[in-house]
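The chain contents come next:
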Protein chains: 2
Amino acid sequence: MDKVRVIEIKQSVFANNDKQADILREENRKNGVFLLNLMSSPGSGKTTTLTRTIEALKDKIKIGVMEADIDSDVDAIKIAKTGVKSIQLHTGGMCHLDASMTKQGLEELGTDDIDLAILENVGNLVCPAEFDTGATKNAMILSVPEGEDKPLKYPLMFSVCDIVLINKIDVMPYFDFDLEKCKEYIKMRNPKAKVIPICAKTGEGISEWAQWLLENINALKQ
Amino acid sequence: MDKVRVIEIKQSVFANNDKQADILREENRKNGVFLLNLMSSPGSGKTTTLTRTIEALKDKIKIGVMEADIDSDVDAIKIAKTGVKSIQLHTGGMCHLDASMTKQGLEELGTDDIDLAILENVGNLVCPAEFDTGATKNAMILSVPEGEDKPLKYPLMFSVCDIVLINKIDVMPYFDFDLEKCKEYIKMRNPKAKVIPICAKTGEGISEWAQWLLENINALKQ
């Protein structure tokens, strides 16, 4: 299965993104669709984490994935192999997705049979944090090789996320990464953020993350 | 030396960034200032690479460094410890620097006594590639943990760079990173790009990179 559906996303025409985001969030809530916006730097392990997340949850809930990328379909092809519905969104050079672009994606994905729709945002710690996509929750991945100082340098990203996954903890012995200091910096930016250390490669920590997702998905439906 | 000069950069007022970039490049050429624009993802090792580069070159040429960051001064403090002139540029949330912002930085840094001015751009593989800073040459760092597929996903960044440093090669055994495939993807985007594998932590490859810089700095002055 090496072919995936590729959608060329059009740039937003709405001046007020925050309003569009609130409307989309409310629509999704009414339809019982939990929209997760997953953000990180390039190469932090978003796609591998998603593959593990799908493995952990696909027998419990129905999942659909939108892979946003400037170009290339490599991520959507990986996700399609897991058997869940997935599409590739091409942003045409754009560094982020806003609510209107996300809505286009959801319409192309089709959410009638979906409990959890995941948007894998463009790999970028700056711009995606500035645009509310209308997601029910925002998650981000910080990987060990990037260093524990990232919450100091990209404050907004950490402020807007409900949960931070610290990935690649298997390589901690080979990097100068201080996990406690990292948690402290995250709390400094966002005292409410949940932090889960994971290793998408080995599966460590994925069950705690899947549990967090399930609880939040169930909370939306109540 | 824990205090560095912090400059709040104003957003560009010029519509035509390319023209401003050409003017700045020509001014620098006349003044014998080689401006290097260094780009990468967050956490790829720009600052550590710069520290090594300064060690290798500071007895041969006069260096000044501009550390661009959305917030925080952590990088400029590290660079100041090497003894070279350095300032911190705060972009006020902006995800990149353009030619006018770079010019503000150079004026604050002062280039009368500088052969090599280095701009450490905001950690981001998308937006910095879209704005010509007026640099004499563009360099980027791709680190092994990010994966060899990045030239497929961030094509413009690789197209605009004269040289790509593949950093953190010491951890190659712990990651599924195919160096030959990575070089092939880079050549696909940019057949002229020079590629040097390095390890900023151990110093491996730094002499080849320093040599490339020296040759290009000398070429500018001829």
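Keep in mind that what you see is a predicted model, and the values were worked out from it rather than measured. (Residues numbered from 1 in each chain as written. Chains lettered and ligands numbered in written order. Predicted model: local features only at pLDDT ≥ 70, side-chain atom pairs only at ≥ 80, totals over all residues. Heavy atoms only, no water.)

Caption draft 1: Fine view of the pattern of salt bridges. Residues and elements named next belong to chain B. Overall, the coordinates contain 24 salt bridges over all chains when judged by the stated rule. Among the ionic pairs, Asp132 bridges to Arg25, the shortest N-O distance being 2.8 Å. You can see Asp132 sitting in the loop between strand E5 (116-120) and strand E6 (137-143) and its partner Arg25 sitting in helix H1 (residues 17-31), a full 107 residues away along the chain. Overall, Arg25 belongs to the partly exposed group, its relative accessible area being 24%. (Salt bridge = Lys/Arg side-chain N within 4 Å of Asp/Glu carboxyl O. Helix = DSSP H or I, 4+ residues; strand = E, 2+ residues; numbered from the N terminus. Buried < 20%, exposed > 50% of the residue type's maximum accessible area, 1.4 Å probe, protein only.)

Caption draft 2: How the structure looks around the sheet that holds strand E8 (residues 194-197) of chain A. All names here are of chain A. Overall, parallel pairing links the 8 strands, which are arranged E1-E4-E3-E5-E2-E6-E7-E8 in an open sheet. On the outer flanks of this sheet lie strand E1 (5-8) and E8, each paired with one strand and no other. Strand-to-strand twist of the sheet, defined as the mean angle between neighbouring strand axes without regard to direction, takes the value 20 degrees. Alignment of strand E6 (residues 137-143) against strand E7 (residues 163-167), held across 5 bridges, turns out to be parallel. The residue bridging Leu142 from the neighbouring strand is Ile166, located in E7. With respect to the sheet, helix H2 (residues 46-57) is in contact with strand E2 (34-40), strand E3 (63-69), strand E5 (116-120), E6 and E7, its orientation differing from that of E3 by roughly 175 degrees. Lying on the sheet, helix H8 (residues 206-221) is in contact with E2, E5, E6, E7 and E8; it crosses E2 at an angle near 145 degrees. (Pairing = 2+ DSSP bridges. Axes fitted to C-alpha atoms, helices over the stretch in contact; angles between N-to-C directions. Contact = heavy atoms within 4.5 Å.)

Caption draft 3: Summary view of the pairing of E6 of chain A. Residues and elements named next belong to chain A. Burial analysis of E6 places 6 of its 7 residues in the buried class, which makes it a mostly covered element. Of the strand pairs in this sheet, E2 and E6 are connected by 5 bridges, and their pairing is parallel. If you follow Ser40 over to E6, its bridge partner there is Ile141.

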